[in-house]
Amino acid sequence: MAATAPPAAPTPPLHERLLRIWETPPGLFGILGTVDHKKIGKRYLVTAFAFMLAGGLEAAVMRAQLTAPNQRLLSPETYNQLFSMHGITMIFLYASPILSGFSNYIWPLMLGSRDMAFPRLNALSYWLFLFSGLFIYSSFLVGQAPDRGWFAYAPLTEGAFSPGLHMDFYALGLLFLTVSTTVGAINFIVTLFKLRAPGMSINRLPIFIWGTLTTSFAVLFAMPSLTAACIMLYFDRRFGMHFFDAAGGGHPLLWQHLFWIFGHPWVYIVVLPAMGIMSDMIPTFCRRPLVGYTFVALATVSTGILGFGVWVHHMFATGLPDLSTDFFSAASMVITIPSAVAVFAWLATIWHGRPVLRTPFLFAAGFIVLFVIGGVSGVATAAVPFDRQLTDTYFVVAHLHYVLVGINVFPVIAGFYYWLPKMTGRMLNERLGRWNFWTMFLGFNLGFFPMHIAGLLGMPRRIYTYPAGLGWGTVNLVTSIGAYVFAVGVVLFLVNVLWSIRRGPPAGPNPWDAPTLEWATTSPPPAYNFEVLPSIGSRHPLWEDRLAEGAARSVLDRGPALDEGRETLGITPLDAEPSEILTMPEDSLYPFLLALSLLVTFYGLLTSVWALAIAGGVLVLAMTVGWLWPGPEPEAA
Amino acid sequence: MLQSPTYLRTFGPIGDRVAALGWSLLIISSVVVLVVSVLVLAGVWRRGTRSFAPVERAGGGLRWIVIGGIVVPTVILVVVFVLTMVTQAAVASPATAPGLTVRVTGHQWWWEVQYLDPSPDRIATTANEIHIPVGRPVRIEVAAGDVIHSFWVPELAGKTDLIPGQTNVTWVQADHPGVYRGQCAEYCGLQHAKMAMSVVAEPPAAFDEWLARQRQPAAPPSEPDLKAGAAVFAGSACALCHTIRGTMAVGRIGPDLTHLAGRRTIAAGTLPNTRGYLAGWIANPQALKPGTVMPAVPLESTELQVLITYLQSLN
Amino acid sequence: MATTAVARRLPVGGAGKGATGWWGMILLIVTEASLFVYLLFSYFYLGSMARGAWPPSGPPELRLALPNTVILLLSSGAMWWAESGVRRGAQGRLRVGLLITLGLGIIFLAIQAVEYSHKHFTPATDAYGSLFFTITGFHGAHVAVGLIMIAVVTLRAWLGHFSERRHLAVTNVSLYWHFVDAVWLAVFTSLYLSPRFV
Ligand code: HEA
Ligand code: HEA
Ligand code: CUA
Ligand SMILES: [Cu+2]
């Protein structure tokens with residue numbers, strides 16, 4: 001069969017028809033079964049932010065313990081679980097999922113599509129994320145949270161040195177989460193290949209898209225390394241295997257290689273989309289296109305690629321031959337060039353633009369400064385001999401927070417100020433926003449800059465207490481104070497969001513007069529995103545008439561309506577010519593049930609109740625078959 | 001002893017070279033941060049507004065990227081990399097071959113220290129306190145007894161990990177007499193925080209004397225209460241885990257106590273080696289270092305007193 | 001230009017190569033392949049670090065593994081035959097081809113099981129044992145999954161779900177199956193052959 005798709009214009013009846021087709025039915029089925037990328041995106045954002053609060057709370061408690069020497073607030077057991085869960089939560093359950101949340105919500109709107117390529121897989125990856133997070137956190141209920149740090153070096157994690165379930169929660173929880181991340185990555189890539197608006201050739205993609213795209217590819221290549229490592233860890237612990245056990249012919253460094261082959265790409269995975277958010281937002285607030293679009297796009301991709309070639313810089317003290325450490329030192333310095341390119345692209349955009357000092361821009365400006373501070377401390381640690389002094393001290397803790405908070409948290413908060421009006425239809429409070437920025441920015445620097453000094457004063461990381469008389473007291477006191485100021489900033493943000501949802505002024509479709517496609521539809525967007533599917537003639541669809549870039553024009557008010565069912569337009573990956581009409585799946589409970597079955601499996605593996613694990617596995621199989629059956633068109637799964 | 005063990009104020013050839021590298025990196029970094037921050041502020045201050053100006057494509061700005069983003073950083077980074085390589089080559093090995101090898105084995109959560117010697121009976125074993133001769137390079141062989149630890153004396157040299165299944169080699173040299181604090185720098189479990197040690201640099205003559213003493217077995221107890229103390233030690237669990245050379249106690253689980261009294265601290269740099277702390281430690285180690293492998297051994301207070309007297313006589 | 005383009009009659013739902021589902025399978029294969037790369041990396045890394053002989057008990061023998069390799073390759077051939085069949089609309093060829101593939105796959109797993117039973121070491125013996133059973137076991141698991149997929153597709157083939165144009169499921173399953181065979185070649189070369197040459 002085939003369908004005609006004549007260009008139509010928006011009309012009330014069409015709106016009604018599309019709503020009936022796309023809207024999720026209310027009620028339990030709707031809640032558990034929806035495949036709407038906007039609903040899923042919002043869930044990602046809320047869940048990831050909740051995890052951020054949990055991780056932050058853990059940190060807040062740690063800071064109380066470290067405020068002064070020889071404190072007895074926390075037992076070493078408790079402290080070790082707190083700092084480990086803090087790292088695991090922030091890295092795995094906050095930093096990456098929060099960006100998936102933005103991508104999920106924004107991508108189809110930015111690309112001019114009606115949903116992601118695989119809406120049901122999209123729902124699946126959310127449920128998997130939620131359940132794996134709850135799985136890991138359920139360790140607190142039995143008082144056996146992971147306690148070996150977020151990179152869990154063997155053999156400290158082996159059964160002999162880590163009895164109990166602590167590290168089984170870690171190994172299995174991360175395996176569980178990996179499935180979610182991988183599914184999500186595949187979804188983003190295919191969405192980009194097939195579901196862009198006609199005419200959106202790759203040189204017209206917003207940088208945010210480039211960021212998430214690079215990240216998604218990096219996930220496909222990096223994640224399996226963690227998967228392999230966690231499987232081996234679980235096997236060592238449960239079945240007495242010897243992967244990391246020197247006595248049995250294994251080697252502890254195998255874990256370190258596998259972990260960091262994953263780990264370093266991962267740290268770029270959790271920032272490239274965030275840098276993309278900045279690269280798209282800064283031009284909006286500087287009232288001009290980004291300077292050096294092509295440079296920045298290339299910088300994004302090359303960072304993603306180079307990120308695979310630096311992992312050994314986490315292992316400079318392990319006694320590797322100088323030749324190899326030198327190589328990875330050099331690589332770590334080369335990788336700063338793309339970052340430098342991006343930084344100066346932003347600086348030039350600000351310099352040659354007319355910066356509008358609204359809250360999102362404040363966060364963007366702060367982000368640039370924090371990025372550079374974190375970046376240069378990274379370069380310091382890349383210098384092998386100096387790193388052998390810096391490594392495993394608070395200097396590294398300072399570095400990782402400047403980059404993670406600077407290039408992830410700040411862009412994320414900026415992203416909320418920028419896009420929440422699109423999601424809720426209401427603005428946030430500007431004055432409160434400015435207070436929010438300054439408390440976070442000043443609090444952060446007050447709290448984390450002294451960590452550099454603590455490190456230079458010789459303070460190791462991961463110590464639950466420290467003796468008096470080494471001169472570490474003052475810096476730690478200041479750090480704790482700053483941390484709490486920062487926390488207040490986070491609370492101010494929450495207050496602002498609540499205020500905006502309650503009585504924020506209506507936003508209208510494009511409150512920032514931004515150039516990209518997501519601002520062409522109403523705020524909040526209807527279930528079907530676009531009444532008629534747009535086609536793109538330039539990089540800035542909503543600025544075209546004012547920038548006069550080339551002859552091509554985007555068409556937003558006329559286009560295929562595709563109102564014969566859940567349908568959207570499929571294109572050819574490279575030149576973005578329409579190639580097919582994609583039928584999109586209806587809401588379904590299968591994603592939820594499949595994730596639930598997997599949860600059963602993992603609890604089976606955790607408790608060694610193999611019957612449970614197998615039962616879960618059978619359920620997974622059944623759900624998958626049910627999901628795809630009979631579907632004469634499995635490609636719409 | 002009471003000021004911070006910072007690696008920017010160092011007392012040996014490795015530390016000195018690395019500190020120089022460190023200072024230059026910190027200065028370069030500060031300049032970069034300063035420049036970028038100024039550019040951000042200037043950009044905002046120059047044309048910043050509160051209202052949305054009309055959109056326009058003003059100015060090229062590509063020069064910013066080429067110069068600020070590619071050319072300048074490349075130059076700086078080449079310099080940094082050269083500095084790095086030069087420093088690394090300089091600290092790779094000592095000017096003169098070390099005449100002395102110390103084998104440091106990490107245990108949860110203390111350091112076993114052995115002064116190697118071709119003839120086994122001349123090997124001196126101690127714990128948590130490494131003596132070295134001033135001005136002479138010392139070869140350090142590090143190994144792990146259980147999990148990964150990291151050997152680190154900030155004022156002398158950077159870290160070298162102690163990894164099960166492999167022996168890493170490094171070296172240290174102190175050019176000034178003194179006591180340099182060291183601490184385990186790889187998370188190794190519950191008491192990673194209290195796994196410190198010290199390096200005592202003393203004039204060669206004094207050092208040789210010290211090493212000679214360490215090689216000796218413990219002097220047999222003379223006075224009655226020393227005898228009593230020795231009996232308590234031999235009779236209780238102590239002997240199962242600790243060695244006192246020259247006695248029947250040959251345990252290997254805990255530190256060698258043959259010359260305990262000569263050490264400045266106990267429990268891996270956690271407590272000063274005084275009668276009071278010694279008594280407190282033995283009476284209840286878990287209270288002072290929760291989770292330590294050493295259990296509280298039930299003893300009559302009189303037994304405890306003679307035991308302490310005995311331990312304090314081991315010198 | 002774009003609008004005029006969509007005014008054309010477009011097919012509903014992409015078919016076969018280039019469809020969203022096809023891309024999905026390709027990417028799944030990419031990431032699965034990386035997983036095996038890391039497993040084999042671990043094999044060679046521990047091998048290079050080994051103090052004693054590697055493999056400790058000499059190279060695994062080929063008596064069963066070699067014929068098994070041939071069987072798996074044949075199954076790939078059968079799968080190709082079936083898939084090219086459905087592209088011509090030859091339903092019979094599709095069904096028979098799938099059945100043959102299914103059979104050969106099952107035989108492969110059976111022989112693998114026999115080989116396991118002959119081993120005089122276990123995953124817990126030493127690191128080599130852990131590697132051998134984990135790597136081959138993982139491949140075996142992928143074969144099993146592939147077989148389930150083939151079983152489902154075979155069933156659907158008999159129910160006549162597929163046509164010249166609509167056979168994405170077949171295309172994907174055969175992609176996956178060829179991938180599983182390619183992985184075996186890599187595993188076979190690394191675990192069985194490489195110890196003989198180095
Ligand atoms: C948010 C993720 C993120 C990012 C983006 C980075 C960026 C970088 N990191 Fe970082 N890193 C982490 C997250 C990140 N890191 C984490 C989490 C750890 C700790 C893991 C753990 O142990 O727990 C870590 C640890 C870490 C180490 C190991 C330290 C140790 O444990 O001993 C090293 C060593 O080389 C390193 C290097 C770098 C470098 C060279 C960059 C570069 O990409 C930075 C490049 C950017 C700039 C330099 C700024 C912009 C450039 C200019 C303005 C041009 C001018 C600048 C110069 C000429 C210098 N990082
Ligand atoms: C994105 C990543 C991220 C983020 C945002 C943070 C945020 C913070 N981190 Fe974290 N940190 C890491 C990633 C991150 N960290 C990693 C990877 C490690 C290494 C772990 C390891 O060694 O294994 C680490 C380690 C680490 C350490 C070192 C521990 C050690 O080595 O012993 C410390 C110590 O101060 C610390 C502190 C903090 C603080 C104070 C914050 C603050 O910014 C947190 C601020 C937020 C809050 C305080 C929550 C705010 C809200 C409230 C409190 C309101 C009340 C709550 C509710 C209403 C629910 N972190
Ligand atoms: Cu030993 Cu940390
Ligand atoms: Cu890194």
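Check the entry above for the structure.
We now turn to the structure provided with this report. As the structure is a computational prediction, the values presented were derived from the model and not from experiment.

Attention now goes to the overall build of chain C. The helix and strand inventory of chain C stands at 6 helices and 1 strand. In sequence order, the secondary structure elements of chain C are arranged as α-β-α-α-α-α-α. Projected onto its principal axes, the C-alpha positions of chain C cover 70 × 40 × 25 Å. Put simply, chain C has 198 residues, and 54% of those count as buried. Across chain C, the fraction of contacts at a sequence separation of at least 24, relative to all contacts at a separation of at least 6, is 80%. Within chain C, the 7 negative side-chain charges are centred at a point lying 13 Å from the centre of the 14 positive side-chain charges.

So, on to the interface of chain A and chain B. With 96 residues of chain A in contact, the opposing surface of chain B contributes 87 residues. Here chain A packs against chain B, burying approximately 7800 Å² in sum over the two surfaces, 66% of which is carbon and sulfur. Inspection of the chain A/chain B interface yields 1 salt bridge. Between the two partners, chain A and chain B, sit 26 residue pairs in polar contact (both at pLDDT 80 or more). For the side of chain A that touches chain B, the elements supplying multiple residues, two or more each, are α4 (76–111), α8 (252–269), α11 (322–334), α12 (336–351), α13 (359–382), α14 (384–390), α16 (430–456) and α18 (544–547) of chain A.

Time to look at the site of ligand 2. All names here are of chain A. Lining the immediate surroundings of ligand 2 are 31 residues, of which Arg 63, Tyr 79, His 86, His 401 and Arg 462 lie closest. One nitrogen or oxygen atom from the main chain of Trp 150 is found 2.8 Å from an oxygen atom belonging to ligand 2. The set of elements that each furnish at least two residues to the shell around ligand 2 consists of α3 (37–66), α4, α15 (394–424), α16 and α17 (473–503). Looking at which element gives the most residues to the shell around ligand 2, the answer is α15, with 7 residues. Within the shell around ligand 2, the residues separate by chemical class into 23 nonpolar, 5 polar and 3 charged.

Right, let's talk about the interface of chain C and chain A for a bit. Of the residues lining the interface, 49 residues belong to chain C; the matching set on chain A comes to 65 residues. Counting the surface lost from both chain C and chain A, the interface buries some 4800 Å², and carbon and sulfur atoms represent 72% of this. Of all residues in chain C, Val12(C), Thr20(C) and Tyr38(C) bury the most surface against chain A, accounting for 14% of the area lost on that side. One can count 0 salt bridges joining chain C with chain A. For the pair chain C and chain A, the number of links is 5 residue pairs in polar contact (both at pLDDT 80 or more). Elements with a contribution of two residues or more to the side of chain C that touches chain A: α1 (2–7), β1 (9–11), α2 (20–49), α5 (127–158) and α6 (168–197) of chain C. For the side of chain C that touches chain A, the element with the most residues is α2(C), which contributes 17 residues. Class assignment for the residues of the side of chain C that touches chain A results in 30 nonpolar, 14 polar and 5 charged.

In this section: the pattern of salt bridges. In this structure the tally under the stated criterion is 24 salt bridges over all chains. Between Arg354(A) and Glu56(B) there is a salt bridge, with its nearest N and O atoms 3.2 Å apart. Here the residue Arg354(A) occupies a position in the loop between α12 and α13, and Glu56(B) occupies one in the loop between α1 (13–47) and α2 (62–92), the pair thus bridging two chains. Looking at Glu56(B), the relative accessible area reads 31%, which means it is partly exposed. A salt bridge links Arg63(C) to Glu61(C); the nearest nitrogen and oxygen atoms lie 2.4 Å apart. Arg63(C) sits in the exposed class, given a relative accessible area of 55%. Overall, the relative accessible area of 45% leaves Glu61(C) in the partly exposed class. In the salt-bridge network here, residues are joined through shared partners; they are Asp168(A), Arg237(A) and Arg238(A).

Further remarks concern the coordination of the copper ion (ligand 4). Residues and elements named next belong to chain A. Binding of the copper ion (ligand 4) to the protein goes through His 264 (ND1), His 313 (NE2) and His 314 (NE2), at separations of 1.8 to 2.0 Å. When the donor residues of the copper ion (ligand 4) are listed from N- to C-terminus, their spacing reads H-x48-H-H. A distance of 4.4 Å spans the gap from the copper ion (ligand 4) to the iron atom of ligand 1. A residue pair is termed long-range when its members are at least 10 positions apart, and His 264 in helix α8 and His 313 in the loop between α10 (293–306) and α11 qualify at 49 residues. A single burial state applies to His 264 and to His 313, both of which are buried.

So, about the packing of aromatic side chains. When we look at a pair of aromatic rings, we describe it by the centre distance and by the angle of the planes. Counted by the stated rule, this structure contains 98 aromatic pairs over all chains. Seen from the ring of Phe151(A), Arg462(A) lies directly overhead, with NZ or CZ sitting 4.1 Å from the centre. Sitting over the ring of Trp152(B), Lys159(B) keeps its end group 3.7 Å from the ring centre.

Moving on to the coordination of the iron atom of ligand 1. The protein supplies the iron atom of ligand 1 with one donor atom, His399(A) (NE2), which lies at 2.2 Å. Along the chain, His399(A) turns up in helix α15.

What follows is about empty space enclosed by the protein. Residues and elements named next belong to chain A. In this structure the tally under the stated criterion is 11 cavities of 30 Å³ or more. Size it by volume and the largest cavity reaches roughly 260 Å³. Lining the largest cavity are 24 residues, with Ser 96, Pro 97, Ser 100, Thr 181 and Phe 188 positioned closest to its centre. Every element with two or more residues in the lining of the largest cavity is listed here: α4, α5 (119–141), α6 (166–194), α7 (207–239) and α8.

All names here are of chain A. Interaxial distance between α4 and helix α9 (residues 272–286) falls to 11 Å at its minimum, and their mutual angle equals 45°. By the angle between their directions, the pair α4 and α9 is classed as oblique. Crossing of α4 against α9: the hand is left-handed. Contacts from Leu 99, Phe 102 and Met 110 of α4 reach α9 at Pro 273, Ala 274, Ile 277 and Asp 280. Here the contact of α4 with α9 is built from residues that sort into 6 nonpolar, no polar and 1 charged.

Residue and element names in this part refer to chain B. Burial within strand β10 (residues 196–202) is extensive, with 7 of its 7 residues counted as buried. Going residue by residue along β10, you find Ala 196, Ser 198, Val 200 and Glu 202 tucked away on one face and Met 197, Val 199 and Ala 201 tucked away on the opposite face as well. Where strand β4 (residues 129–133) lies against β10, 5 bridges are found, and the strand directions are parallel. Note that in β10 the partner of Glu 129 across the bridge is Ser 198. Inspection of the sheet shows strand β9 (residues 178–183) paired to β10 by 6 bridges, in the antiparallel sense. Looking across to β10, one finds that Gln 183 is bridged to Ala 196.

Mapped onto the fold, Thr31(C) is located in helix α2. Exposure remark for Thr31(C): the relative accessible area of 7% places this residue in the buried category. In this structure, Thr31(C) is in contact with Thr182(A), Leu220(A) and Pro224(A), ignoring residues within four places of it in sequence.

Next up on the list: the sheet that holds β4(B). Residues and elements named next belong to chain B. Read across the open sheet, the 3 strands follow the order β4-β10-β9; overall the sheet is mixed. Since the sheet does not close on itself, it has two edges, and those belong to β4 and β9, each with one partner. Strand-to-strand, the axes of this sheet are offset by a mean angle of 25°, without reference to chain direction. Along the sheet face, helix α3 (residues 204–215) touches β4 and β10 and points at about 135° away from the line of β4.

On to a nonpolar patch on the surface. A grouping of Val66(B), Ile67(B), Val71(B), Val72(B), Val75(B), Val79(B) and Leu83(B) is seen on the molecular surface, where their side chains present a nonpolar patch of about 520 Å² in accessible area. Within the secondary structure layout, Ile67(B) lies in helix α2.

Close contacts around ligand 1 come from 34 residues, with Trp150(A), Tyr268(A), Asp387(A), Thr391(A) and His399(A) the closest. Ligand 1 is flanked by residues contributed from chains A and B. Within the side chain of Tyr268(A), one N or O atom sits 2.6 Å away from an oxygen atom of ligand 1. A total of 8 residues in the shell around ligand 1 trace back to one element, the largest contributor, which is α13(A). Of the residues that constitute the shell around ligand 1, the class distribution is 22 nonpolar, 10 polar and 2 charged.

The rules behind these values
- Residues numbered from 1 in each chain as written.
- Chains lettered and ligands numbered in written order.
- Predicted model: local features only at pLDDT ≥ 70, side-chain atom pairs only at ≥ 80, totals over all residues.
- Heavy atoms only, no water.
- Helix = DSSP H or I, 4+ residues; strand = E, 2+ residues; numbered from the N terminus.
- Buried < 20%, exposed > 50% of the residue type's maximum accessible area, 1.4 Å probe, protein only.
- Contact = heavy atoms within 4.5 Å.
- Lys, Arg positive; Asp, Glu negative; His and termini not counted.
- Charge placed at Lys NZ, Arg CZ, Asp CG, Glu CD.
- Buried area = accessible area lost by both parts, 1.4 Å probe.
- Salt bridge = Lys/Arg side-chain N within 4 Å of Asp/Glu carboxyl O.
- Polar contact = N/O pair within 3.5 Å; in protein donor to acceptor, adjacent residues only side chain to side chain.
- Near = heavy atom within 4 Å.
- Nonpolar A, V, L, I, M, F, W, Y, C, P; charged D, E, K, R; others polar.
- Donors = N, O, S within 2.8 Å, 3.2 Å for Na, K, Ca; no water.
- Phe/Tyr/Trp six-rings, centres within 6.5 Å; stacked < 30°, edge-to-face > 60°.
- Lys NZ or Arg CZ within 6 Å of the ring centre and 35° of its normal.
- 1 Å grid on protein atoms, 1.4 Å probe; cavity = no way out; pocket = protein on both sides within 12 Å on 5 of 7 lines; lining within 4 Å.
- Points joined across faces, edges and corners; volume = space filled by probe spheres on them.
- Axes fitted to C-alpha atoms, helices over the stretch in contact; angles between N-to-C directions.
- Parallel < 35°, antiparallel > 145°, perpendicular 65-115°, else oblique.
- Left-handed = near helix turned anticlockwise from the far one by under 90°.
- Pairing = 2+ DSSP bridges.
- Patch = residues over 30% accessible without salt bridge, like charges linked within 9 Å, V, L, I, M, F, W, Y side chains within 5 Å.
- Areas by Shrake-Rupley, 256 points an atom, 1.4 Å probe, with all protein chains shown as cover.

The quantities given are spatial measurements derived from coordinates; they are silent on function.
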